[in-house]
Amino acid sequence: MFKAKVKPEVLKELVEVVSILVDEAKFTVKKGELQIKAVDPAHVAMVELRVDKKAFEEYKADESELGVNLLKFRDVLKLTNPGDVIAMEHNEEKNQLVLKVGNITRKMALVDTTGLSDPKVPNLNLPVKVVIKAEELRKVIKASESVSDHIALETSPEEFKITSEGDNDSADLVMSKHMLNELDCKEGARSLFPLDYFSNMVKAISTSETVTMLMGNDYPVKMEFSIAGGNGSSTYLLAPRIEND
Amino acid sequence: MFKAKVKPEVLKELVEVVSILVDEAKFTVKKGELQIKAVDPAHVAMVELRVDKKAFEEYKADESELGVNLLKFRDVLKLTNPGDVIAMEHNEEKNQLVLKVGNITRKMALVDTTGLSDPKVPNLNLPVKVVIKAEELRKVIKASESVSDHIALETSPEEFKITSEGDNDSADLVMSKHMLNELDCKEGARSLFPLDYFSNMVKAISTSETVTMLMGNDYPVKMEFSIAGGNGSSTYLLAPRIEND
Amino acid sequence: MFKAKVKPEVLKELVEVVSILVDEAKFTVKKGELQIKAVDPAHVAMVELRVDKKAFEEYKADESELGVNLLKFRDVLKLTNPGDVIAMEHNEEKNQLVLKVGNITRKMALVDTTGLSDPKVPNLNLPVKVVIKAEELRKVIKASESVSDHIALETSPEEFKITSEGDNDSADLVMSKHMLNELDCKEGARSLFPLDYFSNMVKAISTSETVTMLMGNDYPVKMEFSIAGGNGSSTYLLAPRIEND
């Protein structure tokens, strides 16, 4: 059983965060929260997300799973206006999600969840921690897009650097410790990442002011940020690209 | 003879209403009003429109006919800014419409009217009447577009329903009598319509707050709405799509 | 040596003015000003531009030449927000332009200047002078675009006319002497120009309120306008199209 009312912007943000990696996802509905975990088809990146029932206007659920076509769901959410409240209900018999906005009822067929991945989040020891304004990340990916197709994250005890190097051009962001919200780094670390994934992740972080980045040397990066006005959180995990020197 | 001054938004609305069905139309200019009637090339829909001379800043006309290429006319109207007044004059000798906005003069060749249809509006007995907010229609067509390519209008003495049914999905608007401006229905009626026509019609209703819908069972629908700030009115007539049950 | 700080809008305007004619241009940096001259590949039009050091927040330069890829430069300028200040510095050793905005550093490879044209501005005797609001020019090119691919500039001692004639349609702007900021014309003159060039020039004039047009009979037109908030000026020269009568 799943029955809830929610402001459309909460669902829009959630769909935005997950749909950069997959077109269909399993929504795991629990008594107290909604969870989504997904890995992209190329197995380069993963997303993990939870939204507390407090983010909803109303929320009533037993444990259940909904297979959602995110592209179709996004189209339905486009029908809403600011100030609307969406009522959602799972019709288990027909495996439909029934959405109501104003006088409109929209029934959306759900996807079979057995085909949807249920990724195991790996246990990683990431020794470096940086807390940075999301706005700074957005600026550096914009500057990097015309330069190269990868990006390097580099930390020392004193500063955090994001660098993109092309054949003749380069773009970089350099932030010393006092310009960051937090920098916790014992010894230097550097990893290279595909720009397209990194860029999509940064662009999907729409409401969180800061991002917590956990890193290592030639190791994945973990990006944690809040969603749903602080009533939820999300984590991206992105595999490094190994440099051939 | 035809000579007039008018705010561009009046002409823009008129062109929008007619151009969803035809690219060229005959403007029948009368002493007291401007009339347009047109039927679409597939003979599925018809529009009938009149704008009173009160909608114009100045209006002087004998009875005459102008063959207007609506696409070209729309391009000329795009040159205007809010607050502009367009002066129009029919140059009968050259069969041109001469338009002046500010210091710009734009002469537009007219189309031969003999090739343009002059549809007869059929005399229909449509027993059901619904008066509904245009905004509600806009919402339901938006919700229906991803679901199916047709739409059903259904009335009972108690409620009015617009339904779109796809293979697995559906969208509908249900409005009970008290939520409508008017519902006059003795016995149930239902007709099916092509969504693209219905949708274009609803989208072209831009300034009228309400739409009066006249319907029957497996019968055309007539949609009446005001234009030109109440100084004109327009009617769409749309043929039903016969269901194969 | 070249080192400067400047508001992005100054550079954006400059790039807009030059890039309608060429993709790469030589920036000649002098002690007191920045100069650009360029001719388009078809040798139909020329631009000449200077921006005084007063237009910059900071400006320090010896005489030098920078070969700039305007398309790439424009992309970098898109990264800026209103209120930003760009710091620029020429790294002569690597022949790079180093741009800094906030915490971002963007290094842009420069182009070899030997391949870039250094046009000689011809000495022309253009007897007619018209000073007109840029807004009027913008309106008439918009009206002309659907009519023809050329435009005639015509002057008499009493009025200035811009005319576009198609097979059946026409668009024109007629301004009598008192409607212009200035009209200095002893005897009538008329020249025909390609609309695409003329249109791109007019659209690139974004901040100057007026344009000074110098003309003759079947002669080029020279358009002078201010840039950089009055701290710079620019001139377009456009060759006429000879009419076959």
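Only a predicted model underlies this, so the values are computations on that prediction, with no experimental measurement involved. (Residues numbered from 1 in each chain as written. Chains lettered and ligands numbered in written order. Predicted model: local features only at pLDDT ≥ 70, side-chain atom pairs only at ≥ 80, totals over all residues. Heavy atoms only, no water.)

**As for helix H4 (residues 195-204) of chain B**
Thought 1: Counting buried residues in H4 of chain B gives 7 out of 10 residues, a clear majority hidden from the surface.
Thought 2: Residues of H4 of chain B that are buried include every one of Leu-195, Tyr-197, Phe-198, Ser-199, Met-201, Val-202 and Ala-204 of chain B, and no others. (Buried < 20%, exposed > 50% of the residue type's maximum accessible area, 1.4 Å probe, protein only. Helix = DSSP H or I, 4+ residues; strand = E, 2+ residues; numbered from the N terminus.)

**As for the domain arrangement of chain A**
Residue and element names in this part refer to chain A.
Thought 1: Entries for chain A in the domain assignment read domain 1 (2-115) and domain 2 (128-238).
Thought 2: The interface of domain 1 with domain 2 comprises 19 residues on the first partner and 19 residues on the second.
Thought 3: In this assembly, domain 1 packs against domain 2 so that about 1,500 Å² is buried in total across both faces, 58% of it on carbon and sulfur atoms.
Thought 4: On the surface where domain 1 and domain 2 come into contact, there are 0 salt bridges.
Thought 5: There are 9 residue pairs in polar contact (both at pLDDT 80 or more) connecting domain 1 and domain 2.
Thought 6: Contributing elements (two or more residues each) for the side of domain 1 that touches domain 2: helix H1 (8-19) and strand S4 (45-52).
Thought 7: Class assignment of the residues belonging to the side of domain 1 that touches domain 2 gives a composition of 12 nonpolar, no polar and 7 charged. (Domains from an automatic or database assignment. Contact = heavy atoms within 4.5 Å. Buried area = accessible area lost by both parts, 1.4 Å probe. Salt bridge = Lys/Arg side-chain N within 4 Å of Asp/Glu carboxyl O. Polar contact = N/O pair within 3.5 Å; in protein donor to acceptor, adjacent residues only side chain to side chain. Nonpolar A, V, L, I, M, F, W, Y, C, P; charged D, E, K, R; others polar.)

**Some thoughts on the relation of the copies chain B and chain C**
Thought 1: Superposition of chain B onto chain C requires a rotation of 120° combined with a translation of 0.1 Å along the rotation axis, giving an RMSD of 0.1 Å. In the structure described here, the two chain copies are related by an operation that fits a three-fold rotation axis. Taking C-alpha positions as reference, the residue of chain B nearest the rotation axis is Pro-82 of chain B, located at 16 Å. (Least-squares fit on C-alpha atoms with pLDDT ≥ 70 in both.)

**Some words on the sheet that holds strand S15 (residues 189-194) of chain C**
Thought 1: Here we have 9 strands laid out as an open sheet, ordered S5(B)-S1(B)-S7(B)-S8(B)-S9(B)-S13(C)-S12(C)-S11(C)-S15(C), and antiparallel in their pairing. Either end of the sheet is taken by a strand with one partner, and the two such strands are strand S5 (58-61) of chain B together with S15 of chain C. The sheet shows a mean angle of 15° between the axes of neighbouring strands, direction not considered.
Thought 2: Seen against the sheet, helix H2 (residues 70-77) of chain B touches strand S7 (86-91), strand S8 (96-101) and strand S9 (104-109) of chain B and runs at an angle of roughly 175° to S9 of chain B.
Thought 3: Contacts between helix H4 (residues 195-204) of chain C and the sheet are confined to strand S11 (150-155) and S15 of chain C, with S15 of chain C contributing the most and set at about 90° to the helix. (Pairing = 2+ DSSP bridges. Axes fitted to C-alpha atoms, helices over the stretch in contact; angles between N-to-C directions.)

**Observations concerning the interface of chain B and chain A**
Thought 1: Between chain B and chain A, the residue contacts involve 16 residues of the former and 12 residues of the latter.
Thought 2: With both chains or domains summed, chain B and chain A bury close to 1,200 Å², and 44% of this area falls on carbon and sulfur atoms.
Thought 3: Joining chain B to chain A, the criterion identifies 2 salt bridges.
Thought 4: Residues Arg-106 of chain A and Asp-169 of chain B are paired through a salt bridge, measuring 3.2 Å at the closest nitrogen-oxygen approach.
Thought 5: There are 10 residue pairs in polar contact (both at pLDDT 80 or more) connecting chain B and chain A.
Thought 6: Taken together, the elements giving at least two residues each to the side of chain B that touches chain A come down to helix H3 (134-144) and strand S13 (170-176) of chain B.
Thought 7: Partitioned by chemical class, the residues of the side of chain B that touches chain A number 8 nonpolar, 3 polar and 5 charged.
Thought 8: Relative to S13 of chain B, strand S9 (residues 104-109) of chain A runs antiparallel, the two sharing 4 bridges. Across the sheet, residue Ile-104 of chain A finds its bridge partner in S13 of chain B, namely Leu-173 of chain B.

**A few points about the pairing of S5 of chain B**
Residue and element names in this part refer to chain B.
Thought 1: The side-chain alternation of S5 yields one buried face, formed by Tyr-59 and Ala-61, and one unburied face, formed by Glu-58 and Lys-60.
Thought 2: Sheet topology note: the strand S1 (residues 2-6)/S5 ladder contains 4 bridges and is antiparallel. Each residue of the ladder has a partner; that of Ala-4, found in S5, is Tyr-59.

**Re the interface of chain B and chain C**
Thought 1: The interface is formed by 12 residues belonging to chain B together with 16 residues belonging to chain C.
Thought 2: Connecting chain B to chain C are 2 salt bridges.
Thought 3: Across the chain B-chain C interface, the total number found is 10 residue pairs in polar contact (both at pLDDT 80 or more).
Thought 4: The biggest single contributor to the side of chain B that touches chain C is S9 of chain B, with 6 residues.

**Things to note about the packing of aromatic side chains**
All names here are of chain A.
Thought 1: Summed over the entire model, instances satisfying the criterion amount to 12 aromatic pairs over all chains.
Thought 2: Relative to Tyr-236, the ring of Phe-225 has its centre 5.5 Å away and its plane inclined at 40°; by these criteria the two rings are tilted. Here Phe-225 is found in strand S17 (residues 221-227), whereas its partner Tyr-236 is found in strand S18 (residues 232-238), with 11 residues between them in sequence. The residues Phe-225 and Tyr-236 share a single accessibility class, namely buried.
Thought 3: Put simply, the rings of Phe-2, Phe-56 and Tyr-59 pair up and form one aromatic cluster. (Phe/Tyr/Trp six-rings, centres within 6.5 Å; stacked < 30°, edge-to-face > 60°.)

**Focus on the side chain of Asp-169 of chain B**
Thought 1: Within the fold, Asp-169 of chain B resides in the loop between strand S12 (159-165) and S13.
Thought 2: By relative accessible area, Asp-169 of chain B is classed as buried at 8%.
Thought 3: Separated by 2.9 Å, the side chain of Asp-169 of chain B and the backbone nitrogen of Ala-109 of chain A make a polar contact.
Thought 4: If we ignore the near neighbours within four places in the chain, the residues touching Asp-169 of chain B are Lys-72, Arg-106, Lys-107, Met-108 and Ala-109 of chain A together with Val-147 and Ser-164 of chain B.

**What to know about the sheet that holds strand S14 (residues 182-184) of chain A**
Residue and element names in this part refer to chain A.
Thought 1: The 9 strands are arranged S6-S2-S3-S4-S18-S17-S16-S10-S14 in an open sheet whose pairing can be described as antiparallel. Each of the sheet's edge strands pairs with one partner strand only, and the pair in question is strand S6 (64-69) and S14. Here the average twist between neighbouring strands, direction ignored, is 20°.
Thought 2: With 3 bridges connecting them, strand S16 (residues 210-215) and S17 associate as antiparallel partners. Of the residues in S17, the one forming a bridge with Met-213 is Met-223.
Thought 3: Helix H2 (residues 70-77) rests against strand S2 (24-29) and S6 of the sheet, and its axis sits at about 80° to S6.
Thought 4: Most of the contacts of helix H4 (residues 195-204) go to S18, to which it runs at about 170°, and overall it touches S4, S16, S17 and S18.

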